[in-house]
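Observations on the three-dimensional arrangement
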Amino acid sequence: MSSLRLRTCVALCAWTTLAWCPFLTAQPPQRDLSSASIEELLEMRVTTVAKREQPLSAAAAAVYVITGEDIRRSGVETLAEALRLAPGVEVAQFSANTWAISIRGFNSRFANKLLVLIDGRTVYSPTYSGVFWNEQDLLLEDIERIEVIRGPGATMWGTNAVNGVINIITRPAEETEGALLGAGAGTLQSLSSYARYGGTAGKRGHYRVYANHARRVDLPMIQGRSADDGWTTTRGGFRSDWRFDQANSFTVQGDGSGGQPYETTPVTITGFPGYPSFAGGNLLARWSHVARSSELRIQAYYDQARENFPGIVELRHDSFDLDLQHNIALGARHNVVWGGTFRNVRQRSWGTPIAWLVPAARSLRTFSGFVQDEIALRSRSLYLIAGSKFESNEFTGVEIQPTVRVLFTPSRRQALWAAVSRAMRSPSEVEIGIRNLLPMMMTQRPTLAFLIGNAHGRSEELLSYEMGYRTQAGKHLSLDVAAFVNRYQHLSALVLASSPPPAPGIIPLTMAYNSTGRTYGVELSVAYAPARVWRLSGSYTWLRPVDPFAAGIKAYPGSGDPHHQFQVHSLLSLPRRVEVDSHLYFVGAQPEMAIRRYTRFDVRLGWTSNEHLEWSLVGQNLLDSAHPEFSTGNSAPIEVRRSVFAKMTWRF
């Protein structure tokens, strides 16, 4: 038996020993979602699938909900790490401040087929077609739930919701009254502190304000030297909710953040030593009117972000988004949701002699409208869901993204669904206008290439076939399985450019959109609650990509997609308010990136000493001292280390 398998078996034995302990019949602690029944979890309300509230059990999509209680008991300290809890989500830490996160393949540092929203505000970067995860350093205690859709959601959410949608939903201000103080420290997180205060505003309103600060230390590179990739972030914000009457409510919220995610800068190539930094803020307002058979919502937000990459480029974005949505029931058989969005993004860049954008400033306007009808073909058992998004953008013109779904519910505890959907991924500003001198590892020695954007870029296209089955097999067990086949056209890939090189020995490259690809896979998740104080859950994901970059030249050796992933979670609540939570993750090998398979085992011990004070001790990556999870191929991989973290939270 290999050492890896031996360590895995030891971890499984330890996890099972912790779980099977003689306390299951003891007096349970105060009730929370970790002790909810399977039926209650399946009836949890979700909004991301159909842009209206519906029980999770009746959603015609592969959807999973990470609750705020799941996040607390996982012991994680960042939003990116919390996403490991969802089945089918690929989460790989690239450095101390960088993650590669995707769903159903095509993972990379800027995974460009995953739309991420926070309270309906998109954090998908129009410049890089991805998410800067180190900038989303939310106060995790404020998260109510994270709704994860595996599969296209473009009909509801528009371009770039190709392989999935992640919607982070924060708690209403009414649920965060009082004061919260917290602090923690550990081997990787040298310091973290946060504070929050909430109260009432007159008879109809509630509010909260918060601030948090964190400092993370460097990770080692595979040769043993420091990667110089630690990071510091500071964030603050507020939320205010007002309910004027039973029909009308109003929300205003905003955040501001800044930080410095260090990275090793190749000075010999850029000639500009230094470290990146970011700063930004946002302000969102939302009004909702709920009538007997309809709901109208109008939302607007302004978002400003600035990223500075020394020696490369400095970027500033100012985004304004206005969204209208109307849900209405038409008779007994039709439930229609329709709406429209206007978005304006103003971009400004300051380049260097080795990297710049053409033009340096531009405005990108997007207009879109959508409509979807849920038709009850047979009362409470068979539904046809059909709709489409119509969107016009500056780069590719009008895009049409339809979906057709069928939902069959033979009983209250079973649901069978199938879907055919089309989704698009519009090109980013970098793909259109970049001019960049960059290193490549395509030969035995480093080679310089000159990347030239393609001003005639087009949208990548997905045609997805999905089906799934969801059932509650008794009071204590639930099962959810989904299968999919995705066919891609016009995938972007690096190819040799026809333009002459800027200097002898430099390879000119550009983006082409003539590649095709196909992925297929199966996702299985199980939840089991043998007792009120004990909940088990697990999942397995099998993914198979087929020639996703067949027609292009790869800038790095692989897409970063393991064929196999599985995870097991145990949440156990013991007497005297003691919690023992363990989490086991297995990620298969990624030979194209020279990443070996690895197993991660995390344990959290929690103790609520009184109704105000909570203590926790978390151990992560306990199976080995360090292992890499992702690599670009241009430098030695950075290793994720074993770590220990302690935290105190005081509520009053």
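Residues numbered from 1 in each chain as written. Predicted model: local features only at pLDDT ≥ 70, side-chain atom pairs only at ≥ 80, totals over all residues. Heavy atoms only, no water.

**A word on the side chain of D624**
Secondary-structure assignment places D624 in the loop between β33 (613-620) and β34 (626-628). Relative accessible area serves as the criterion here: at 15%, D624 is assigned to the buried category. (Helix = DSSP H or I, 4+ residues; strand = E, 2+ residues; numbered from the N terminus. Buried < 20%, exposed > 50% of the residue type's maximum accessible area, 1.4 Å probe, protein only.)

**Structural notes on the packing of aromatic side chains**
This model, assessed by the stated rule, comprises 11 aromatic pairs. Seen in terms of ring centroids, F110 and Y128 are 4.9 Å apart; in terms of plane orientation they differ by 15°. Their pairing is stacked. Of the two residues, F110 is situated in the loop between β5 (98-103) and β6 (114-118) and Y128 in the loop between β7 (121-122) and β8 (143-150); the sequence distance between them amounts to 18 residues. Grouping aromatic residues by their ring pairs yields a cluster made of F110, Y128 and F132. The positively charged end of K51 is found above the aromatic ring belonging to W157, 4.4 Å away from the centroid. It is R306 that lies over the ring of W350; its NZ or CZ is 4.9 Å from the centre. (Phe/Tyr/Trp six-rings, centres within 6.5 Å; stacked < 30°, edge-to-face > 60°. Lys NZ or Arg CZ within 6 Å of the ring centre and 35° of its normal.)

**Remarks on the nonpolar core**
The biggest cluster of nonpolar side chains holds 36 residues, and the ones touching the most others in it are L83, I101, W133, I146, I166 and I168. For this core, the elements supplying multiple residues, two or more each, are α4 (79-82), β4 (89-95), β5, β6, β8 and β9 (164-170). Each residue touching I146, except ones within four places of it in the same chain, is listed here: Y64, V65, I66, I71, L79, L83, I166, N167 and I168. One finds V49, A59, L115 and F370 within the second-largest nonpolar core, a separate group that totals 18 residues. (Core = buried A, V, L, I, M, F, W, Y, C linked by side-chain atoms within 4.5 Å. Contact = heavy atoms within 4.5 Å.)

**Regarding the pairing of strand β12 (residues 205-216)**
The pairing of strand β11 (residues 189-201) with β12 spans 12 bridges and is classified as antiparallel. Looking at the pairing, A201 lines up with G205 of β12. Where β11 folds back onto β12 in an antiparallel hairpin, the turn is made up of 3 residues, including G202, whose phi is positive at roughly 70°. (Pairing = 2+ DSSP bridges.)

**Quick word on the confidence of the model for the protein chain**
Of the residues in the protein chain, 87% have a pLDDT of 70 or more, and the chain-wide mean is 86. Mean pLDDT across the elements of the protein chain bottoms out in helix α6 (residues 267-270) (38) and peaks in strand β31 (residues 578-587) (97). Predicted confidence is poor over residues 1-34, with pLDDT under 50, and the contacts of this stretch with residues over four places away or in other chains come to 56 contacts. Predicted confidence for residues 549-558 stays below pLDDT 50, and this span has 28 contacts to residues more than four positions away or in other chains. (pLDDT = per-residue confidence, 0-100.)

**Notes on the sheet that holds β7**
Spatially, 5 strands are ordered β3-β8-β9-β6-β7 in an open sheet, and the strand pairing comes out mixed. Edge positions in the sheet fall to β3 (62-67) and β7, since each of these pairs with one other strand and no more. Where β8 lies against β9, 7 bridges are found, and the strand directions are antiparallel. Residue V148 lies in a different strand from β9, and its bridge partner there is I166.

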